[in-house]
Amino acid sequence: MREIEIKLELEPGADSSLLHAPLGGKESAREELLALYFDTPDGELAEKRMSLRLRREGGPWVQTFKTAGSSSGGLHSRDEWQEPAEGPVLDLAAFRSTPLADLPGSGTLHQRLIEVFRVGVLRLTWELEINGSKVQVALDQGEVRGGDSSAPISEIEIELKGGDPDAVFVLARSLVALVPMRPSAVTKAARGYRLLRREALAPIKAGAALKLDPDWSPAESARHSLASAMEQLQGNEEGVLASDDPEFVHQLRVALRRMRSTLRAHRKALEPGFEAGVRDELKWITGVAGTARDLDVLSQETLPAMARDGAEADAGFEERVEARRRVARARLREALRSSRYSLLMLDLARWLGLPTAHAPAGRVKLSRFGGEVVAKHHRQLLDAAKGFTDLEPAQRHEVRILGKRLRYAVQGFESLFPQQKVKAYMETLSALQDDLGAANDATVA
């Protein structure tokens, strides 16, 4: 069975607001929920992005196996199998027809499994009907505990129980507008493993170049590329909210640029109005992140470099920079917690998660489509760079922006082209960006 749900993390104190929200439907049910998660001592299931648990929600025990799925903008979609259990004891025979049976050493898996962590929450549930579709809303508040460590949980799950998947987005949008919450890509299992491994939050960089299937349509290429960028975005979002490490802001802005570049590059392949519908909102949050990033660079890189070269700032200058930097970081955090940002993430997740939301697939060969996009950006860069030595700083900054757009376009379609040529081309673009970036930082300073 395919599980489709949206997970929303509540801001402190938001649970009381939810209880007064006009949900309608059946009155809420209140139950204690206990879930025990199992894995081998060396984390074989976690490595495959699988989870295995026993859960009791008021009544009898249920065992559940889930495989790796997708999670973007709070939308979680994955395969899951549920079977009744005789008490808090796993019976792996119930999953003999699932991918669990295909794992190496599956015949002895039952001997190696141990409880790795557990989740205990008070769950309030509402059963709703949205435009003829059945949806369950669950408010979970409690903690995940592993050994002598624990972490709080306060979240909403909106799960499709039957009908049109769009119903979960309709409800999520209405709740986000009423209650302070934001889409979350972090599952309870992910929280448990993070706690178990004592993992601190770390900035998430863009991964290896996405392997595109030459048989994909341009719209399918856009979907996979956007999902990859959103994964990086949400991976750094937590860090921006919880840490002062400037690298989280840097990588969050990189992810936003990747998203904008993907939508810009695939504009002709998307259904009319979609890219235009999210363009201004992406530009808004990129601008807020950009201000914070510029002040980070000024404070952490430019001013120390000036000091090493003997430049002296007037009294109090660094303090004023730090004051502005703190304000910019606070505004970015406020933006990430806003309903405006949450609605943007939900709109992007809806487009990614519902195939019917895509434009009809054209039969343009993907390598040709990508080549035309790269060639167009290449021409724009060369045209803007004519007479470069006579350009004003603002015009040189425009060249830098076009260089970044070209680089992101090449990265997006990289796997479709000869790798040696791509490598040489990217090295040249990187050198150009580094020089123009240093010049722009000096101008900003």
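Every value quoted in this text rests on a predicted model; they were computed, and no experiment measured them.

### Here's the deal with the overall build of the chain
Next, step 1: Along its length, the chain carries 13 helices and ten strands.
Next, step 2: Relative to the globule expectation of 22 Å for 445 residues, the C-alpha radius of gyration of the chain, 24 Å, shows essentially globular dimensions.
Next, step 3: Judged by the C-alpha coordinates and their principal axes, the chain covers about 80 × 60 × 45 Å.
Next, step 4: Each of the 445 residues in the chain was classed as buried or not, and the buried ones make up 46%.
Next, step 5: Looking at the chain alone, contacts between residues at least 24 apart form 71% of all its contacts between residues at least 6 apart.
Next, step 6: Surface accessibility of the chain: about 22,300 Å² in total, with carbon and sulfur atoms responsible for 51%.

### Points about the packing of helix 8 (residues 274-308) against helix 9 (residues 317-336)
Next, step 1: Relative orientation of the contacting elements helix 8 and helix 9 amounts to 150°, with a least axis distance of 9 Å. In terms of their interaxial angle, helix 8 and helix 9 are classed as roughly antiparallel. Considering how the two elements wind past one another, helix 8 and helix 9 form a crossing that is left-handed. Here Trp 284, Ile 285, Val 288, Ala 289, Thr 291, Ala 292, Leu 295, Asp 296, Leu 298, Ser 299, Gln 300 and Leu 303 of helix 8 come into contact with helix 9, specifically with Phe 317, Glu 318, Val 321, Glu 322, Arg 324, Arg 325, Ala 328, Arg 329, Arg 331, Leu 332, Ala 335 and Leu 336.
Next, step 2: Grouping the constituent residues of the contact of helix 8 with helix 9 by class yields 14 nonpolar, three polar and seven charged.

### With respect to the pairing of strand 8 (residues 133-146)
Next, step 1: Here strand 7 (residues 114-130) runs beside strand 8; their pairing, made up of 13 bridges, is antiparallel. Its bridge partner being in strand 8, Leu 124 is matched across the sheet by Leu 139.
Next, step 2: As consecutive antiparallel partners, strand 7 and strand 8 are separated by two residues, and within that stretch Asn 131 has a phi angle of approximately 50°, a positive value.
Next, step 3: Relative to strand 9 (residues 149-162), strand 8 is paired through 13 bridges, and the arrangement is antiparallel. By the bridge assignment, Gln 136 is partnered in strand 9 with Glu 159.
Next, step 4: Once strand 8 ends, the chain turns through two residues before running back antiparallel as strand 9, passing Gly 147 with a positive phi of about 65°.

### Comments concerning the confidence of the model for the chain
Next, step 1: Overall, the prediction assigns the chain a mean pLDDT of 88, with 92% of residues at 70 or greater.
Next, step 2: Least confident of the elements in the chain is strand 5 (residues 70-72), whose mean pLDDT is 60; most confident is helix 9, at 95.

### Thoughts on the environment of Ala 177
Next, step 1: Residue position: Ala 177 is located in the loop between helix 4 (166-176) and strand 10 (181-183).
Next, step 2: A sequence separation of 165 residues divides Ala 177 from Ser 342, and the C-alpha atoms of the two residues are 8.9 Å apart.

### What to know about the packing of helix 4 against helix 10 (residues 339-353)
Next, step 1: Axis separation between helix 4 and helix 10 bottoms out at 10 Å; the angle between their running directions is 175°. Here helix 10 runs roughly antiparallel to helix 4, going by the angle between their axes. Contacts from Asp 166, Phe 169, Ala 172, Arg 173 and Val 176 in helix 4 reach Ser 339, Ser 342, Leu 343, Leu 346, Asp 347, Ala 349 and Arg 350 in helix 10.
Next, step 2: Of the residues in the contact of helix 4 with helix 10, the class split is six nonpolar, two polar and four charged.

### Side note on the pattern of salt bridges
Next, step 1: Enumeration according to the criterion identifies 37 salt bridges in this entry.
Next, step 2: We note a salt bridge from Glu 11 to Arg 337, for which the minimum N-O separation is 3.1 Å. Taken as a pair, Glu 11 in the loop between strand 1 (2-10) and helix 1 (14-19) and Arg 337 in the loop between helix 9 and helix 10 lie far apart in primary sequence, 326 residues in all.
Next, step 3: Taking the shortest distance from any N to any O, the salt bridge between Glu 301 and Arg 293 comes out at 3.9 Å.

### Some thoughts on the nonpolar core
Next, step 1: By size, the foremost hydrophobic cluster in this structure holds 36 residues, and its most contacted members are Met 259, Leu 332 and Leu 348.
Next, step 2: If you list the elements that add at least two residues to this core, you get helix 6 (218-242), helix 7 (246-265), helix 8, helix 9 and helix 10.
Next, step 3: Sequence-distant contacts of Leu 332, that is, excluding residues within four places in its chain, are made with Val 240, Val 249, Ile 285, Val 288, Ala 289 and Ala 292.

### Observations concerning helix 4
Think of an α-helix as turning once every 3.6 residues; residues three or four places apart then point the same way.
Next, step 1: Counting buried residues along helix 4, eight of its eleven residues qualify, which places the element largely inside the surrounding structure.
Next, step 2: Listed as buried for helix 4 are Asp 166, Ala 167, Val 168, Phe 169, Leu 171, Ala 172, Leu 175 and Val 176.

### Topic: the packing of aromatic side chains
Where two aromatic rings form a pair, the distance of their centres and the angle of their planes describe that pair.
Next, step 1: Across all of its chains, the model carries six aromatic pairs by this definition.
Next, step 2: Between the aromatic rings of Phe 65 and Phe 95, the centroid separation amounts to 6.0 Å while the plane-to-plane angle is 50°, which identifies the pairing as tilted. With Phe 65 in strand 4 (residues 61-66) and Phe 95 in the loop between strand 6 (75-84) and helix 3 (109-112), the pair connects residues that are 30 residues apart, well separated along the chain. We note that Phe 65, like Phe 95, is buried.
Next, step 3: An angle of 80° between the planes, with centres 5.2 Å apart, marks the rings of Phe 117 and Tyr 193 as edge-to-face. Placement of Phe 117 in strand 7 and of Tyr 193 in helix 5 (residues 188-196) is noted, with a sequence separation of 76 residues between them. Both residues of the pair, Phe 117 and Tyr 193, count as buried.
Next, step 4: Pairwise contacts between aromatic rings join Tyr 37, Phe 117 and Tyr 193 into one cluster.
Next, step 5: In this structure, Arg 340 is placed above the aromatic ring of Trp 284, and the distance from its NZ or CZ to the ring centre is 4.1 Å.

### Let's talk about the environment of Arg 49
Next, step 1: Within the secondary structure layout, Arg 49 lies in the loop between helix 2 (44-47) and strand 3 (51-57).
Next, step 2: Judged by relative accessible area, Arg 49 falls into the exposed class, the value being 54%.
Next, step 3: For Arg 49 and Ser 154, which are 105 residues apart along the polypeptide, the C-alpha to C-alpha distance reads 23 Å.

### With respect to the side chain of Glu 237
Next, step 1: Position of Glu 237 among the secondary structure elements: in helix 6.
Next, step 2: In contact with Glu 237, other than residues within four places in its own chain, are Arg 182, Pro 183, Leu 252, Leu 336 and Tyr 341.

What counts as what
Residues numbered from 1 in each chain as written. Predicted model: local features only at pLDDT ≥ 70, side-chain atom pairs only at ≥ 80, totals over all residues. Heavy atoms only, no water. Helix = DSSP H or I, 4+ residues; strand = E, 2+ residues; numbered from the N terminus. Rg over C-alpha atoms; globule rule 2.2 N^0.38 Å. Buried < 20%, exposed > 50% of the residue type's maximum accessible area, 1.4 Å probe, protein only. Contact = heavy atoms within 4.5 Å. Areas by Shrake-Rupley, 256 points an atom, 1.4 Å probe, with all protein chains shown as cover. Axes fitted to C-alpha atoms, helices over the stretch in contact; angles between N-to-C directions. Parallel < 35°, antiparallel > 145°, perpendicular 65-115°, else oblique. Left-handed = near helix turned anticlockwise from the far one by under 90°. Nonpolar A, V, L, I, M, F, W, Y, C, P; charged D, E, K, R; others polar. Pairing = 2+ DSSP bridges. pLDDT = per-residue confidence, 0-100. Salt bridge = Lys/Arg side-chain N within 4 Å of Asp/Glu carboxyl O. Core = buried A, V, L, I, M, F, W, Y, C linked by side-chain atoms within 4.5 Å. Phe/Tyr/Trp six-rings, centres within 6.5 Å; stacked < 30°, edge-to-face > 60°. Lys NZ or Arg CZ within 6 Å of the ring centre and 35° of its normal.

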